[in-house]
Amino acid sequence: MKFDAIEPGVYPELIYPPYKSTAKRGPVQPSLRIAAGLPVEQNIAPSSRIILPHDMDLTAQGDAEPLGEKIVVTGRVMDEDGKPVRNSLLEVWQCNSAGRYRHKRDQHDAPLDPNFHGWGKMMTDDDGRYRFVTIKPGPYPWGNHDKAWRPAHIHFSMFGNVYAQRLVTQMYFPNDPLFEYDPIFQSIPDLAARQRLISRYSLEHTVGAEMLGYEFDIVLRGRDATPMEK
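About the criteria used
- Residues numbered from 1 in each chain as written.
- Predicted model: local features only at pLDDT ≥ 70, side-chain atom pairs only at ≥ 80, totals over all residues.
- Heavy atoms only, no water.
- UniProt positions renumbered as here; feature names shortened; annotations may be inferred.
- Helix = DSSP H or I, 4+ residues; strand = E, 2+ residues; numbered from the N terminus.
- Buried < 20%, exposed > 50% of the residue type's maximum accessible area, 1.4 Å probe, protein only.
- Pairing = 2+ DSSP bridges.
- Salt bridge = Lys/Arg side-chain N within 4 Å of Asp/Glu carboxyl O.
- Phe/Tyr/Trp six-rings, centres within 6.5 Å; stacked < 30°, edge-to-face > 60°.
- Axes fitted to C-alpha atoms, helices over the stretch in contact; angles between N-to-C directions.
- 1 Å grid on protein atoms, 1.4 Å probe; cavity = no way out; pocket = protein on both sides within 12 Å on 5 of 7 lines; lining within 4 Å.
- Points joined across faces, edges and corners; volume = space filled by probe spheres on them.
- Nonpolar A, V, L, I, M, F, W, Y, C, P; charged D, E, K, R; others polar.

Description of the UniProt feature "domain: Intradiol ring-cleavage dioxygenases" (unreviewed entry) in the chain
Next, step 1: Taking the UniProt record as the reference, the feature "domain: Intradiol ring-cleavage dioxygenases" (unreviewed entry) is found at residues 73-101.
Next, step 2: In the segment residues 73-101, helix accounts for 0% and strand for 38%; the C-alpha atoms at its two ends are 19 Å apart.

Structure (structure tokens):
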């Protein structure tokens, strides 16, 4: 991906003081441009054979239904001209409905759900569309200060057409009161770019009385690019 094709304000600064840990891990030296065209363009490509039966339904990976609000998330992955990015691997991961990740480093005082693992993967179709079923994640404290809570979100990892093209972003939910107080969300300078990280409620993709639908499109670059994590 060509980062100079992104409009100013779409990416956060590498060191953003309100997000305290960036002061410790953010690079202080200027970036170096590396001529890596061959591995980026001809690296090993993802295959649909790696998709397992329940990878696109995060609610079906346990022995019973997980706790929480069941939802469906769908959208398209597109380039700057609105053309679909086909046969591209997406990975998602998230906390459970109580706001806890299934990871040994997460010691948040909230219950783990034995029937919810919190990760999945899928391929985009010929229209660049993806779809998965999950549980709406909860907010959680993250220690940036004593009242720091992250808005509910789902992490997305996109591999383009080869593994070396990996990009990472986050999807949020509409009308979250924590947006104003979250330095990760607020680290994106441009207001319009921040709004592109917020999913839209979709009546079309809502499934009867079973689950609400949310739509989240991802644009890889250009003036309407989705903000990515550097």
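That shown, we press on.
Focus on the pairing of strand E1 (residues 70-78)
Next, step 1: Where burial is concerned, most of E1 is hidden: nine out of the nine residues are buried.
Next, step 2: Neither face of E1 is left uncovered, since the one carrying Lys70, Val72, Thr74, Arg76 and Met78 and the one carrying Ile71, Val73, Gly75 and Val77 both have all their residues buried.
Next, step 3: Bridging between E1 and strand E4 (residues 129-135) involves seven bridges; their strand directions are antiparallel. If you follow lysine 70 over to E4, its bridge partner there is isoleucine 135.
Next, step 4: Of the pairings in the sheet, the one linking E1 to strand E10 (residues 211-215) comprises four bridges and is parallel in character. Bridging from a neighbouring strand, isoleucine 71 pairs with leucine 212 of E10.
Next, step 5: Here E1 pairs with strand E11 (residues 218-219) via two bridges, running parallel. Bridged to valine 77 within E11 is isoleucine 218.

Re the pattern of salt bridges
A side chain with one charge may pair with a side chain of the opposite charge, provided their charged atoms come close.
Next, step 1: According to the stated counting rule, one finds eight salt bridges in the structure shown.
Next, step 2: Taking the shortest distance from any N to any O, the salt bridge between arginine 76 and aspartate 127 comes out at 3.4 Å. With arginine 76 in strand E1 and aspartate 127 in the loop between strand E3 (119-123) and E4, this pair connects stretches of sequence that are 51 residues apart.
Next, step 3: Residue arginine 76 is classed as buried on the basis of its relative accessible area, which comes to 17%.
Next, step 4: Several salt bridges share partner residues, and in doing so they unite Arg129, Arg200, Glu215 and Asp217 into one network.

A look at the pairing of strand E2 (residues 89-93)
Next, step 1: Two strands pair when backbone bridges link them, and E2 and E3 are joined in this way by five bridges, in the antiparallel orientation. Its bridge partner lying in E3, leucine 90 is registered against methionine 122.
Next, step 2: Pairing of E2 with strand E7 (residues 153-158), which is carried by four bridges, proceeds in the antiparallel orientation. Counterpart to tryptophan 93 in the pairing with E7 is histidine 155.

Topic: the packing of aromatic side chains
Next, step 1: As enumerated under the stated definition, the model contains eleven aromatic pairs in all.
Next, step 2: When the ring of tyrosine 19 is compared with that of tryptophan 142, the centres are 5.4 Å apart and the planes differ by 70°; the resulting orientation is edge-to-face. Of the two residues, tyrosine 19 sits in the segment before helix H1 (22-25) while tryptophan 142 sits in the loop between strand E5 (140-141) and strand E6 (149-150), which places them 123 residues apart along the sequence.
Next, step 3: Under the relative-accessibility criterion, tyrosine 19 is labelled buried at 15%.
Next, step 4: For tryptophan 142, a relative accessible area of 23% translates into the label partly exposed.
Next, step 5: With a centroid separation of 4.6 Å and an interplanar angle of 20°, the aromatic rings of phenylalanine 179 and phenylalanine 185 are classed as stacked.
Next, step 6: Judged by relative accessible area, phenylalanine 179 falls into the buried class, the value being 10%.
Next, step 7: Judged by relative accessible area, which is 3%, phenylalanine 185 ranks as buried.
Next, step 8: By the ring-pair criterion, three or more aromatic residues cluster together here, those being Tyr130, Phe132, Phe156 and Phe216.

Remarks on the sheet that holds E7
Next, step 1: Taken together, the four strands give an open sheet; going across it, the order is E3-E2-E7-E8, and neighbouring strands pair in antiparallel fashion. Of all the strands in the sheet, the pair left with one neighbour each is E3 and strand E8 (167-172). Taking the axes of each pair of neighbouring strands and ignoring which way they run, one obtains an average angle of 25° across the sheet.
Next, step 2: Where E7 meets E8, six bridges bridge the pair, whose relative direction is antiparallel. Paired with phenylalanine 156 across the strands is threonine 169, a residue of E8.

What to know about empty space enclosed by the protein
Next, step 1: Tallied over the entire structure, the rule returns one cavity of 30 Å³ or more.
Next, step 2: Approximately 40 Å³ is the volume found for the largest cavity.
Next, step 3: Lining the largest cavity we find Gln94, Cys95, Asn96, Arg100, Tyr101, Arg102, Leu112, Asp113, Phe116 and His117.
Next, step 4: Taken together, the residues of the lining of the largest cavity break down into four nonpolar, three polar and three charged.

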